[in-house]
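Architecture at a glance
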Amino acid sequence: MAKKILSLLSFNDSHFTLTPPISRTNSYPKDIANKLIETIDLSKKLNVNYVASTGDIFHRKGDTSFKEGYIVLSIFKTSGIPIIGIMGNHDISGYNFQSKVNRPIGILEKAGYYRILDNNPIKIKNILITGTSYHNDYDVSKEAYFKKDEESKYFTIAFTHGSLVLKDNGRFWGDYTNLSDLKKENRIQHNVIINGHLHHAQEPVCYDDLDNYLFANGSLARNILKEDVAKRIPTV
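Residues numbered from 1 in each chain as written. Predicted model: local features only at pLDDT ≥ 70, side-chain atom pairs only at ≥ 80, totals over all residues. Heavy atoms only, no water.

Now for the packing of aromatic side chains. One pass over the structure, following the stated rule, counts four aromatic pairs. Ring plane angle 65° and centroid distance 5.2 Å describe the contact between Y95 and Y134, whose orientation is recorded as edge-to-face. You can see Y95 sitting in the loop between strand 3 (83–85) and helix 3 (104–110) and its partner Y134 sitting in the loop between strand 6 (127–131) and helix 4 (138–141), a full 39 residues away along the chain. Ring geometry for Y138 against Y145: centres 6.2 Å apart, planes inclined by 75°, an arrangement best described as edge-to-face. Assigned by exposure class, Y138 and Y145 land together as buried. Three or more aromatic residues joined by ring pairs make a cluster, and in this case those are Y95, Y134, Y138 and Y145. (Phe/Tyr/Trp six-rings, centres within 6.5 Å; stacked < 30°, edge-to-face > 60°. Helix = DSSP H or I, 4+ residues; strand = E, 2+ residues; numbered from the N terminus. Buried < 20%, exposed > 50% of the residue type's maximum accessible area, 1.4 Å probe, protein only.)

Right, let's talk about the sheet that holds strand 4 (residues 115–116) for a bit. Pairing is parallel across the open sheet formed by four strands, whose spatial order is 1-2-3-4. One side of each edge strand has no neighbouring strand; the edge strands of this open sheet are strand 1 (8–11) and strand 4. Where strand 1 and strand 2 (residues 50–53) come together, four bridges link them in parallel fashion. Directly across from L8, in strand 2, lies its bridge partner Y50. (Pairing = 2+ DSSP bridges.)

Quick look at the environment of L179 now. Tracing the chain through its elements places L179 in helix 5 (residues 179–184). We classify L179 as buried; its relative accessible area is 5%.

Every buried residue of helix 2 (residues 66–76) is accounted for by E68, G69, V72, L73, I75 and F76. The buried side chains of helix 2 occupy one side of the element, clustering within an arc of 160° when seen end-on. Turned more than 90 degrees off the buried face of helix 2, the exposed positions are K67 and Y70. Those residues of helix 2 hidden inside the fold are in contact with strand 1, helix 1 (28–46), strand 3 and helix 3. (Arc of directions from axis to C-beta. Contact = heavy atoms within 4.5 Å.)

See below:
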């Protein structure tokens, strides 16, 4: 039997807030907290090495309260399994990476319950777990989807938070990246990309010949103004 080298459970865009978005009912805070608890419970059941987030743990950007931060911290503290990931556009102020020190996401990191991967990747034998938090020109530079020179010798698993559309000619508003865009680049793509940001689930993509896999599984929270979504209880 092959020996397990690494296992992880990832979740996207929980958007936790004590102030329900206009498109959701008043049960939203409790629903999302319960989904985070369910995610951690499932990770224990599966005995994974890491729980990972693609960002947007919080919802209200610069208005996220520290009370919201401490609620999420109290949930993360029950994990017993390291929680890792990146920051989404809702986790920081003004898309400024350094603003984390004054935001609830910084509480999670400083307390040791959330490892931000940008400058702190994880190496396990020939595997590198890395990620790129959101910034203003994410899908202009597209650098998050490709290996840095020093990463080329590793099998890389990258967590991203961009407008990544998993179709050859897929489109999205504003700046976006589709499969055709990735293929045009003269750069080495990460072996596994797990992307958040876009809330709808997309079919995974696998290029066996290149050993590349792309996942965009949708968010824990669907903040869209539709009745069926407003009443939706997200599943893990």
